[in-house]
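# Examining the three-dimensional arrangement
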Amino acid sequence: MNTVLVIGWEYLKNRRRQTVLSILGVMLGVSFFIGIASMMKGMHDYFIEKLIDVAPHVKIMDEFRNPQQQPVYQRFPDAAVELRGIKPREEIRGIHSARSILERLTAMDGLAVSPVLQGQVFLRYGGKDVAAALTGIRPEMERHASNLERDMTQGDLNALLTNSNGIIIGEELAHKLGARPGAKISAISPAGNTRVMKLVGLFNTGVTEVDGSTGYAMLKKVQILQNRENRINQINIRLQNVDDATSLAADLEKRYGYRTESWQETFANIFEMFVIENIIMYSTVGVIIIVSSFGIFNIISTSVNEKSRDIAILKSIGFSEGDIRKVFLFQGIVIGLIGSIFGWVLGAMLVEMLASFRIDLGEEVNMPIKFEGMPVFRSVWLYIGGAVMATLSSVISAYIPARKAAALYPVDIIRGAA
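By size, the foremost hydrophobic cluster in this structure holds 66 residues, and its most contacted members are Ile60, Leu123, Ile169, Ile235 and Ile237. No other element matches the 10 residues that helix α2 (residues 16-54) contributes to this core. Dropping the residues within four chain positions of it, isoleucine 60 is found in contact with Ile95, Ile101, Leu105, Asn233, Gln234, Ile235, Ile237, Leu252, Tyr258, Arg259 and Thr260. Within the second largest apolar cluster, 11 residues are counted, among which are Val116, Ala159, Leu160 and Phe203.

Here is the structure:
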């Protein structure tokens, strides 16, 4: 072994207690980084997966990103115009030329489409009124454009075809109403129409907000109930590659003019929350590693002071300043690497311990998503990242006292001037 490395190793062995404490500090920093990062990334992926499962990847809506101007403003864009007593023109909202848009989208590869009409209704059963979003669908198209059929716990989508006034609702919504499959539920729309519908199926997406406020029925029935015959107000699109959603949404909005949102835009606020959580997480773990780095700095600084005469002797027999720096930098590297290796072991144990927790939030906790077990993210890059951060901080902490050691004058030390 190189003489410089042998000397550095002997210095570490001679200060075993301090060396062990430094290694423990690095180990805890790396293990906490792995455990916390694994848990946070696992939670984020779980939430995103759930959101993608229950929401369309791209949706075309019957509205425009920027409100349309009055015709007089379009005719005289630079004129000083004042309008008074304007009465908006009454019209039935919906996506115009929806059939041609659907035909073009259906012809595209890698996606499935479903035309829907969404509207608010009151569902009444046994004296209970619950507000819900009733969505009119075509079952043969909806089964390819969403996971509704997979999430059904009772009945199936074909029940809507065999029951003229069938309705499918979430289990949580059925619990609020106190209704069971086969029950007759009255649906009352804001237009004043009422229709008695038969409960033919239940679904459970795992998202309480959706399961407690959503229902599905045949598109034609919902159009009649909402007084919007032959109209749809949204086209849902499901992609084979969800990462293409943003570019496709931008292209469709440019082509047809209607506001088109990707799932990334729809849940932008949630992603911003994830960014803040990541900042807090990495800051917390970074502080732990920095604290352990201060321990390494103190140990090597003390070693430099105690070994000043040894340094003088080494320099007097021909060791260069670079060799002296390597002696103490080697100690920082060794502490960082050994601490990282033990941190990997403890981090892996921490990840598996988190993954073994089975969590049931229950109804008493107001959380939008239910899950069992702590979702964790397993990746070798977490281990590499933790080791790189710890080793780099150890080297930086060792560099300052190593530089000081290399700058010592052997003559002054031997004479007792230092």
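Next, the rest of the story.
As for its position among the elements, arginine 259 is in the loop between α11 (245-256) and β10 (260-262). Classification of arginine 259 as buried rests on a relative accessible area of 17%. Here glutamate 261 takes part through its side chain, which lies 3.0 Å from a polar atom of the side chain of arginine 259. The residues contacting arginine 259, other than those within four sequence positions of it, are Lys59, Ile60, Met61, Glu63, Phe64, Arg65, Glu253 and Glu265.

Quick look at the pairing of strand β1 (residues 58-61) now. Of the two faces of β1, the one carrying Val58 and Ile60 and the one carrying Lys59 and Met61 are both buried. Both β1 and strand β9 (residues 234-239) contribute to a ladder of 4 bridges, which runs antiparallel. Counterpart to methionine 61 in the pairing with β9 is glutamine 234. In this structure, β1 lies alongside β10, joined through 3 bridges in antiparallel fashion. Its bridge partner being in β10, isoleucine 60 is matched across the sheet by threonine 260.

Attention shifts here to the layout of surface pockets. The volume enclosed by the largest pocket comes to roughly 940 Å³. Lining the largest pocket are 37 residues, with Val54, Ala55, Pro56, Gln118 and Val210 positioned closest to its centre. A breakdown of the residues in the lining of the largest pocket according to their chemical character gives 18 nonpolar, 13 polar and 6 charged.

Reading the values: the criteria
Residues numbered from 1 in each chain as written. Predicted model: local features only at pLDDT ≥ 70, side-chain atom pairs only at ≥ 80, totals over all residues. Heavy atoms only, no water. Core = buried A, V, L, I, M, F, W, Y, C linked by side-chain atoms within 4.5 Å. Buried < 20%, exposed > 50% of the residue type's maximum accessible area, 1.4 Å probe, protein only. Helix = DSSP H or I, 4+ residues; strand = E, 2+ residues; numbered from the N terminus. Contact = heavy atoms within 4.5 Å. Polar contact = N/O pair within 3.5 Å; in protein donor to acceptor, adjacent residues only side chain to side chain. Pairing = 2+ DSSP bridges. 1 Å grid on protein atoms, 1.4 Å probe; cavity = no way out; pocket = protein on both sides within 12 Å on 5 of 7 lines; lining within 4 Å. Points joined across faces, edges and corners; volume = space filled by probe spheres on them. Nonpolar A, V, L, I, M, F, W, Y, C, P; charged D, E, K, R; others polar.

It is worth stressing that arrangement in space is one thing and function is another; only the former is reported here.
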